[in-house]
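Below, each chain spelled out in residue letters.
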Amino acid sequence: MALDEKFDQAKGALKENAGKLTGDKKMQAEGAVENTAAKVKDVAKDVTEDLKKATEDIKDAVDGAISGVKNVLNKNDK
């Protein structure tokens, strides 16, 4: 989790709670939106990292399978 997103979440939550305490519905709504947007950014970064890792794993698996097939074909040629 990125520090920027954590800071933005905290800032949004603080703004939301300040709006609740003061009865300022606009501030409360803005804080809720900022908090949610920061959470969405954080989740998107996590998903992106997971997809990169999965892609690397698939590439490694395919490379391994290709090497295995090549080894089998080379043994049959001898």
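Residues numbered from 1 in each chain as written. Predicted model: local features only at pLDDT ≥ 70, side-chain atom pairs only at ≥ 80, totals over all residues. Heavy atoms only, no water.

The protein chain appears in an unreviewed UniProt entry as CsbD family protein from Veillonella denticariosi JCM 15641. Taken verbatim from the UniProt record of the protein chain, the Sequence similarities (unreviewed entry) comment is "Belongs to the UPF0337 (CsbD) family." (UniProt positions renumbered as here; feature names shortened; annotations may be inferred.)

Draft legend 1. A look at a nonpolar patch on the surface. A cluster of nonpolar side chains, V43, V47 and L51, forms an exposed patch at the surface whose accessible area comes to about 270 Å². For L51, the position within the fold is in helix 2 (residues 25-77). Residue classification places L51 among the exposed residues on the basis of a relative accessible area of 54%. (Patch = residues over 30% accessible without salt bridge, like charges linked within 9 Å, V, L, I, M, F, W, Y side chains within 5 Å. Areas by Shrake-Rupley, 256 points an atom, 1.4 Å probe, with all protein chains shown as cover. Salt bridge = Lys/Arg side-chain N within 4 Å of Asp/Glu carboxyl O. Helix = DSSP H or I, 4+ residues; strand = E, 2+ residues; numbered from the N terminus. Buried < 20%, exposed > 50% of the residue type's maximum accessible area, 1.4 Å probe, protein only.)

Draft legend 2. Structural context of the environment of T55. Locating T55 in the fold gives a position in helix 2. Once the C-alpha coordinates of T55 and V33 are considered, the two residues, 22 residues apart in sequence, prove to be 33 Å apart.

Draft legend 3. Region of interest: the pattern of salt bridges. Tallied over the full model, the rule gives five salt bridges. When the shortest N-O distance is used, the salt bridge between K45 and E5 registers 3.2 Å. On the criterion of sequence distance, the pair formed by K45 in helix 2 and E5 in helix 1 (residues 3-22) is long-range, its members being 40 residues apart. Judged by its relative accessible area of 40%, K45 falls in the partly exposed class. Measuring nitrogen to oxygen at the nearest pair gives 3.0 Å for the salt bridge that ties E34 to K15. Of this pair, E34 sits in helix 2 while K15 sits in helix 1, and the two are 19 residues apart along the sequence. The class for E34 is partly exposed, based on a relative accessible area of 28%. With relative accessibility at 26%, the residue K15 sits in the partly exposed group.

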